[in-house]
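# Inside the fold
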Amino acid sequence: MAEYQRVIDEIRFQLQSSDCELTDELRQLASSYSAACRSVNQRLRRCGEFLRLGLRTEAIQLAEAEPNLIELVTQLDFPEREAWEELVTMYQLPRMEPLLLDMAEMLNEAYADQEPLAKLLTTHRLMALAKSPLKQRLDVVRRLADLDFHASFWDDDVREMEKARLHEIKLEANAAAAQGDHGRLKSLLSEVQNSQWRNAPPPSYIKSIAEMAGTANEIWARKQIEQLEIELNDAFGALDLARAQQLRDQWDMLVPQAELAPNDPIWDRSGPILDWIRDEEEQQAKQKAYEDAVGRLELALENDRIDLLELERLGHDVNKFNKGLPEPLATRYRNRIASLQFSDTRRRNLIIAGVSLGVLFVIGSIGFLIQRQLQSSEIIAVASTVEQMIDNGQLADARSMVDKHADFPIHESWLAAQKKLGEAEKNEQDRLSQIQGLIASAESTTSHSQAVQHLEQAREIARTSEEKLAIGRLEMKWEEHRQTEVAAREDAFRKQVEKVTNTLEQSDNLLSQIDPTNQDTHKELQQLEQLLEATNQELQQLNSAKAMVGSTSSSQVKLLEARATALNDAHQKLERQSNLFNEMTRLARISAEAVNFEESLRGYDEALKNYASAFPNDPRSSDFQKVATHAQSWNGAMKWQQLWHNWSTIPPQDLPGVVTQTAQCEQFLEDFPEAPSAPVAQSYLTYLNSIRLREESSDGDKSDSAKSQMAALFDNPLLSKVYLFELKNGKKYYLLAPPKKDLTNSSSTDGVNYHPITNYYDALSGNETKGTGKVAFVHEIKTIPTKLAPHAVIGSRVKQTIDNCSLNEWDSYCLGLCRRILSDGEMDPFLKYFLLLRTTELAGEGNAHLKDALAPVIRKFQDDDIDLAVNWMDPDNAAAQTARELAEEAVRKVDLRDFESAWETSKKQTERLAQQVRCPISVVGYLVKDKNGSWKCLTNWKPQGDFQLRVVVSDDTSPHWAPIGSARGNLITLARQPSGPQAMEGQLIFAIPSDSADLAFAN
């Protein structure tokens, strides 16, 4: 950063000088500033690319790397930049790049957008490092996506995390449901119902969690109610109304959550206590209202100005409660009423006295009547109070009031009240007798239902709290008795549930141990079936008994039934899988001599497809479908097996056999070009075509065979019937016939006429005197031409024997011929070279393996500078002499061991090919993974001997054999855990005898 500032300061100094001349310093400044602009632009471009990709954080990180990019742009974009650019242009100094200020502006905007995200990004990184719960991380990423809406990847992250969170919620919900954690389920339900989801959870998903939450909440609420029931009983036993009211309030809050049915037994157990609470609350309310009315009446009595009507109204308010007035308030009330009534009467009497004294008698009578009237009013009031007490069931208070006013004169209302009291007392006595009888019956009976019936009848006629309390206590006693019976039934039911649970756990454990790929699975499946049958019978018994227990216990039956159903389904699935595996194992056993292998392979292919169709979600189904595409390769392997089994010899010993096997190989390759045996078949076909050339060409032309060409080679007179005429000067001549003159007794000065062959035409003409005649004296002759030339001896031998050379004698015949050519010390070097070259070439024509083996030998001695058309038979031919010397040098490069080695290599190659062709294979099983994910061979094969195991694989090449393991005795071993193309379940495993495999697949 300081260096950039120095450059800018220097530039400004130069611009401010009056004579800004071109100097080295100015050039250096221009170069430095240009390089700085270029470097800054490169960083700006990279930041721009990050921003276009939505990678704002990465762009800011790059910009903030030292030196800070924005600060650099600010420094480099100095005010005098235009003047500097003009100066640079004038002096033709390095031009600076225009600063990418639009990119810098984008970067500034990114800083502005990034600032509110910084804290969230830090939180996001810390939570990722701490591996915080997915729910917390999802909330942060959602906020990031909302704030950083330009970056689409946040929304992608949210959707991916939501998918993972939904899967996590499902697992958490199942776990919470299993634990009955209604609080957790409620929280999870609230989460899935949240509107923040990018991919809204499916309604069925929400419904499932809602049902689990509802069920768990219902179970929780019921447990709470059952606990409250116990506490209510305790409060009732202690007559602790305040505590009972608190518990009742909690009860009322929980009942809607528990969804108790009207006929739920818990109502029968707790109903009397709840009724007692209601009765006590009603009594308290009535008592308070009564006391309030009495209080108002007491205040009224203290008021001297109260009038009669108001006082009578307040007295009536008290009498409505049918409890009468407590003493001495009742006396005060009656006296005040009488006083007020008397006052009213007195006022009237005084008015009358003032009107007329003459009516004193009348007044006296009226006074008497008034007195009687006042007494009658009091009697009526008391009688009314008594009747109200009777109506309210306060018989004792009513009797007390009657006894207290025994001095009342006879009055109709008073007599009626007394009569009503007597009848009420008699009815009360009858009621008491009836209720005592019902209570006694409830106490003496042994039947809970009868006791409940008696107590219900007693409660209908019970009036007092004491009676109701006595009935309630007896109900509690019977309820305790019933609960004891219910507890016994619950205990028996629980033990039966535990038994079923244990059986299900045994079934579950056994199910987890069953591997459908094991051949003895049927025993375990039978055992599992027996356990499930026992479970079904026990569940039937539980269903019969669940009506006698509580809903909590009975609800467990549904869970057990659901679990049993799942196990039954799993059992059926395992049984189906086991049957299919057994069927595939049966079909995957095809011996090397099998004739109807197509049927078995077709059945195996169908079994693979049936499995994949029956269990589409099974991981191995995908492999089974892929492996089924190898059916043609398997057919090809077994077809080749069947084909060579029908051949008497490999290779064939005669031409018809070669022709037959050639046609069959060609047809096989046409039908099964992708078979793993196709490379062997092609190699064998190539070899067959080569040995066929010994006798005839591919189109049946015998004249073009290797044998015919060999015969033609030596059928040349020059090679099969010439005589060697050698002079002592070293010259060798070849004659079609020996000289006619007898040289045995000739003198050394005698002359001999002879006609040497000096070109190929002379030899082919067959004329013994063809060519220029010559004369040689006896003393000049070294070799008397009485017998064929050395090479002609070999040639005539070939002419005599070549036709008798059979197809299988070709290799040995050609090797013998090469031996004779090489070992002949008198043969012309050129001719030895020529015959050796042609013989090895023709030998290779009749054996592809020999051709390959001889190729390096031929390259070793072959010399392209040797003219094979030279007239080698002319000793005076200079070109022939050169060729002869080169040929002699070439032949010296090889010896008999080279050729014998080539023949031996060819023989081994042919033997190996024969082993490859005759390699016996049989289908013995197929690859599968057991329940632990380990590979194994599923088979019912019992190996006798040592075998190599191979499978057909197709990677980037055509189908071929791949080693997979071995078998020895009864032990089958996979050499390694398969991987790559061969790691597919369902692949057929082929067994090959180890000795054959070692030869057939040797490198």
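Here, the structure is the one placed above.
So, here is what we can say about the structure in this document. Since this is a predicted model, take the numbers as computed values, not measurements. (Residues numbered from 1 in each chain as written. Predicted model: local features only at pLDDT ≥ 70, side-chain atom pairs only at ≥ 80, totals over all residues. Heavy atoms only, no water.)

On to the overall build of the chain. Scanning the chain for helices and strands turns up 36 helices and eleven strands. Taking all 1003 residues of the chain together, 43% fall into the buried category. Sequence-distant contacts in the chain: of pairs separated by 6 or more residues, those separated by 24 or more amount to 69%. Surface accessibility of the chain: about 53400 Å² in total, with carbon and sulfur atoms responsible for 50%. (Helix = DSSP H or I, 4+ residues; strand = E, 2+ residues; numbered from the N terminus. Buried < 20%, exposed > 50% of the residue type's maximum accessible area, 1.4 Å probe, protein only. Contact = heavy atoms within 4.5 Å. Areas by Shrake-Rupley, 256 points an atom, 1.4 Å probe, with all protein chains shown as cover.)

Here we come to the packing of helix H9 (residues 182-192) against helix H10 (residues 203-237). Remark: H9 packs on H10, axes separated minimally by 9 Å, with the N-to-C direction vectors making an angle of 155°. Overall, the two elements H9 and H10 adopt an arrangement that is roughly antiparallel. In the crossing of H9 with H10, the sense of the turn from one axis to the other is left-handed. Counted together, His182, Leu185, Lys186, Leu188, Leu189 and Val192 of H9 and Tyr205, Ile206, Ile209, Ala210, Met212, Ala213, Ala216, Asn217 and Trp220 of H10 form the full contact between these two elements. (Axes fitted to C-alpha atoms, helices over the stretch in contact; angles between N-to-C directions. Parallel < 35°, antiparallel > 145°, perpendicular 65-115°, else oblique. Left-handed = near helix turned anticlockwise from the far one by under 90°.)

So, about the environment of Lys702. Residue position: Lys702 is located in the loop between helix H26 (678-692) and helix H27 (706-714). Owing to a relative accessible area of 47%, Lys702 belongs among the partly exposed residues under this scheme. Leaving out residues up to four positions away in the same chain, Lys702 has contacts with Leu655, Glu695, Glu696 and Ser708.

Our next topic: helix H16 (residues 395-404). Those residues of H16 that sit buried are Leu395, Ala398, Met401 and Val402. The buried residues of H16 all sit within an arc of 125° when viewed along its axis, so they share a single face. (Arc of directions from axis to C-beta.)

Counting residues in each nonpolar core, the largest one holds 54 residues, and the members touching the most others are Leu835, Phe861, Trp872, Phe899 and Trp903. Those elements giving two or more residues to this core turn out to be H27, helix H28 (717-720), helix H30 (790-801), helix H31 (810-823), helix H32 (829-845), helix H33 (848-861), helix H34 (878-891) and helix H35 (896-917). Here the element with the most residues in this core is H32; it accounts for nine residues. Residues in contact with Trp903, not counting those within four places in the same chain, are Asp811, Cys814, Leu815, Cys818, Ala843, Leu850 and Leu854. Formed by 34 residues, the second largest nonpolar core is a distinct cluster that contains Leu580, Met584, Tyr604 and Phe990. (Core = buried A, V, L, I, M, F, W, Y, C linked by side-chain atoms within 4.5 Å.)

This paragraph deals with the pattern of salt bridges. Oppositely charged side chains can pair when the atoms bearing their charge come close. Taken as a whole and judged by the stated rule, the model has 40 salt bridges. The residue Lys702 makes a salt bridge to Glu696 at a minimum N-O spacing of 3.6 Å. Each of Arg165, Glu168, Glu172 and Arg184 takes part in one network of salt bridges that share partners. (Salt bridge = Lys/Arg side-chain N within 4 Å of Asp/Glu carboxyl O.)

Now for the environment of Thr585. With respect to the helices, strands and loops of the structure, Thr585 is situated in helix H21 (residues 551-587). Between the C-alpha atom of Thr585 and that of Thr517, which follows or precedes it by 68 residues, the distance is 9.6 Å. If we skip the residues at most four places from it in the chain, Thr585 touches Gln519, Tyr926, Leu938, Thr939 and Asn940. Polar contacts involving the side chain of Thr585 include one to the side chain of Tyr926, which spans 3.3 Å. (Polar contact = N/O pair within 3.5 Å; in protein donor to acceptor, adjacent residues only side chain to side chain.)

Quick look at the packing of helix H1 (residues 2-16) against helix H4 (residues 69-76) now. Packing of H1 against H4 brings their axes to within 10 Å, and their N-to-C directions diverge by 10°. The pairing of H1 with H4 is recorded here as roughly parallel in orientation. Between H1, through Tyr4, Gln5 and Ile8, and H4, the contact on the second element is made entirely by Leu72, Gln75 and Leu76. Within the contact of H1 with H4, the residues separate by chemical class into four nonpolar, two polar and no charged. (Nonpolar A, V, L, I, M, F, W, Y, C, P; charged D, E, K, R; others polar.)

Read from one edge of the open sheet, six strands run S7-S6-S11-S8-S9-S10, paired in antiparallel fashion. At either margin of the open sheet sits one strand with a lone partner, and together these are strand S7 (935-938) and strand S10 (971-974). Adjacent strand axes in the sheet meet at a mean angle of 40° when their direction is disregarded. Bridge count between strand S9 (residues 960-968) and S10: four bridges; the pairing is antiparallel. Note that in S10 the partner of Ser966 across the bridge is Thr973. (Pairing = 2+ DSSP bridges.)

Its 29 residues place the ends of helix H2 (residues 24-52) 42 Å apart at the C-alpha level, agreeing with the 42 Å of an ideal helix rising 1.5 Å per residue. Just beyond H2, the residue with positive phi is Gly54, at close to 80°. (Expected span 1.5 Å × (residues − 1).)

In terms of residue burial, strand S11 (residues 988-993) counts as a mostly covered element, since five of its six residues are buried. Summarising the sheet, strand S8 (residues 946-953) and S11 pair through four bridges and their orientation is antiparallel. Bridge pairing in S11 links Phe947 to Pro993.

Everything listed here is a matter of geometry and, on its own, says nothing about what the molecule does.
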